[in-house]
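Take a look at the letters that make up each chain.
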Amino acid sequence: AGPGRNPRFFIFVGRPSLLCAVTVQAGFKPPLPDLHFQPPREVPVVPDEGQIFVKWTVHKGQDVKKGDVLCRTSKKGGMPVSVLAPCFGRVKSLQRLVPGDEIDMRLSDKTIAVIQSEHLLALKANGTVQKAAVAPAGHAFKSWLTQVGKVVVKGDPVAELWDEAGKTVQMKVTHSGFVAAIQNGLRPHEKVDLIEDHNLATVSKFPALEVKITQVPTNVKADDIFVKYLKKKGDHLRKGDKIIMVRNKLGVEQYILSQEAGRIVNWQANLREGMIVGDALKTEGLAANLATIDMGTSSQAQLYFNAWLREVGALVQPGDAIAEIKDANGRITKLRAERGGVIIDRVDLKQGDLVRGITNSNVAKIGRFAPLSVKKGQAATVVPSGMRFRSWLKHSGDLITKGDSLATLDDMQGRSGFAVAATSGLVVKQHEALKPGMPIDRVMEDHNVATVGKLHSLKVETGEGGVDVPDGHWFFKEWRAKTGDTVKAGDPICEVKQASWNSCSRQASTMTLGAGADPCEAVLQAPKDGVVRERQELLRAGYDLGSVLYGPTIAVVSKLPGPGPVGFREVTIDAPEQAVFKGWLAQTGDHVMVG
């Protein structure tokens, strides 16, 4: 679970202290003992979750290069995977896995191999965590002058080294921020050449300040140099008050003014004089927010929704504008994506709606498409890695034959390909939100674009009644009741028919269509009074029910839902048992007295 914005409840369940005996569970394989390794010179190899072992391609004691294939695995959908060596070195140990082993079940810490390396892996770096202390080749390590978490300004020393002449020199950071990681596996007198990229430390930018709907940022240009704050967190401001002093790239000192009246609710407390704003902070465009001002409930704080800039299903990058809001003076503010991915859902807002509590983080749900379920009698339509979606050739409810094309794809070189059905049956589910050009690897948690097979029988809860297809060879004809319809026992739900060459003997669960009707046609009836809660919506006229259904129930009739009380100020009116409804004496919205 990641950091939450609101209180949440978690239930913790203890594992059993003893595993069941092998004789209790047929075919049970106990977990393999963990492989031991001593970082940083021994590197564990851990594959992604949900993989099945296929075969080793290396042996113990073999020298490998970074990127060499160590073993072959497959995902549960059948897609092959290659597990690669994370570094140069020698294979120290391998797990005793056999083909078909589920890695998550056989291993407790998921380490399948250990690589012993004379080199130290490069520290992870990206746009936020930056390489900050790349040492010259041939220098030897002496001692650390910093520690992880310490705030540093560009030019601060982080380590002492011996140069090739044996003279002590200081290694200084090339970025401002806080120290994210250091090469603590490096020992005195060891050459920095042991590190893959010669980088001794990484420095992370300070995270951006959150700005809620009733708040405004105090933006400073990315190339300005911070001098000092003139106000502190908690101070109340008037519009135009001086908040921050900076120097521009010409060395001229300037004041940053408050854009609105309010109170400073957040600031960049770790900024130090001399830090370049864009070097030390995550920026939005060419500026960064150094102080968040809350406008409270003043008239200027009344904000209204203006427009959506991205639709559900759109692929976005961090910082992309998703929506616009405006204040009472007509000033437009853009709400931006805090992470990359697909817009899975968004808040129901229309132009002119008053907005409260909407922020960059909650205006839309951004992530990857969740995996489609694949049940018994169904198969996944797995797309290879590196493909982009182009268009659908089949849709939910369509019949398809094994080997038929279900969607068109393009690889990264623009060559065409197809997503092919792995079995015959109905297209039960598909990722309808896929748009042309979307890279499958980035927008989906797995590579299954559609589930093909049979429809599973609808679940019938206690107190409900199922509408079942009778025994025999039946074809679907049409629905006679919709989801949500109120029905009585014996009311028609749908029509089915048998082929004319069948004996057409009537079943107990069907009724005739009347005198002179086709003897091969029948109607499936409601088993009780109630409401049609659910039906197999994908059924179409002419579908062979035996071929497309996995289980007989094609509709469920439930009780009428009761209104139920809301809170402590509402009460229910309960009818006595066995009562028969006659008519209403009051309408929704009428005022009534007791009795």
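Residues numbered from 1 in each chain as written. Predicted model: local features only at pLDDT ≥ 70, side-chain atom pairs only at ≥ 80, totals over all residues. Heavy atoms only, no water.

Student: Please clarify how the packing of aromatic side chains should be interpreted in this entry.
Tutor: Two measures describe an aromatic ring pair: the distance that separates the ring centres and the angle between the ring planes. The final tally for this structure, using the stated rule, is nine aromatic pairs. Centroid distance Phe 178 to Phe 206: 6.3 Å. Interplanar angle 25°. Geometry classified as stacked. Linking Phe 178 in strand E13 (residues 177–182) with Phe 206 in the loop between strand E14 (201–204) and strand E15 (215–221), this pair joins segments that are 28 residues apart in sequence. The exposure class of Phe 178 is partly exposed, given its relative accessible area of 27%. Owing to a relative accessible area of 3%, Phe 206 belongs among the buried residues under this scheme. When the ring of Tyr 229 is compared with that of Trp 267, the centres are 4.8 Å apart and the planes differ by 50°; the resulting orientation is tilted. Placement of Tyr 229 in strand E16 (residues 225–229) and of Trp 267 in strand E20 (residues 262–267) is noted, with a sequence separation of 38 residues between them. Assessed through its relative accessible area of 17%, Tyr 229 is described here as buried. Among the residues examined, Trp 267 registers a relative accessible area of 25% and is labelled partly exposed. (Phe/Tyr/Trp six-rings, centres within 6.5 Å; stacked < 30°, edge-to-face > 60°. Helix = DSSP H or I, 4+ residues; strand = E, 2+ residues; numbered from the N terminus. Buried < 20%, exposed > 50% of the residue type's maximum accessible area, 1.4 Å probe, protein only.)

Student: So what exactly am I meant to see when it comes to the sheet that holds strand E5 (residues 80–84) here?
Tutor: Within a sheet, adjacent strands bond to each other through the backbone by hydrogen bonds, running parallel or antiparallel. Spatial strand order, E2-E4-E5: three strands in an open sheet with antiparallel pairing. Each edge of the open sheet is held by one strand with a lone partner, namely strand E2 (51–56) and E5. Within the sheet, the average angular offset between the axes of one strand and its neighbour, ignoring direction, is 35°. Alignment of strand E4 (residues 69–75) against E5, held across five bridges, turns out to be antiparallel. In the sheet register, Thr 73 faces E5, and the bridge partner there is Val 81. (Pairing = 2+ DSSP bridges. Axes fitted to C-alpha atoms, helices over the stretch in contact; angles between N-to-C directions.)

Student: Help me understand a nonpolar patch on the surface, please; the structure alone is not making it clear to me.
Tutor: There is a patch of nonpolar side chains on the surface, built from Leu 230, Tyr 255 and Leu 257 and spanning about 250 Å² of accessible area. Structurally, the position occupied by Leu 230 is in the loop between E16 and strand E17 (236–237). (Patch = residues over 30% accessible without salt bridge, like charges linked within 9 Å, V, L, I, M, F, W, Y side chains within 5 Å. Areas by Shrake-Rupley, 256 points an atom, 1.4 Å probe, with all protein chains shown as cover. Salt bridge = Lys/Arg side-chain N within 4 Å of Asp/Glu carboxyl O.)

Student: Sorry, what's going on with the nonpolar core here?
Tutor: Nonpolar side chains tend toward joint burial in soluble globular proteins. Counting 25 residues, the largest nonpolar core has Trp 479, Ile 493, Cys 494, Leu 539, Leu 545, Leu 549 and Ile 554 as its most contacted members. Within the residue set of this core, elements represented by two or more residues are strand E33 (425–430), strand E37 (474–479), strand E39 (492–498), strand E41 (521–525), helix H4 (545–548) and strand E44 (553–558). Excluding anything up to four places from it in sequence, Ile 493 contacts Val 467, Trp 479, Arg 480, Ala 481, Val 487, Val 523, Leu 524, Gln 525, Ala 526, Val 532 and Ala 555. (Core = buried A, V, L, I, M, F, W, Y, C linked by side-chain atoms within 4.5 Å. Contact = heavy atoms within 4.5 Å.)

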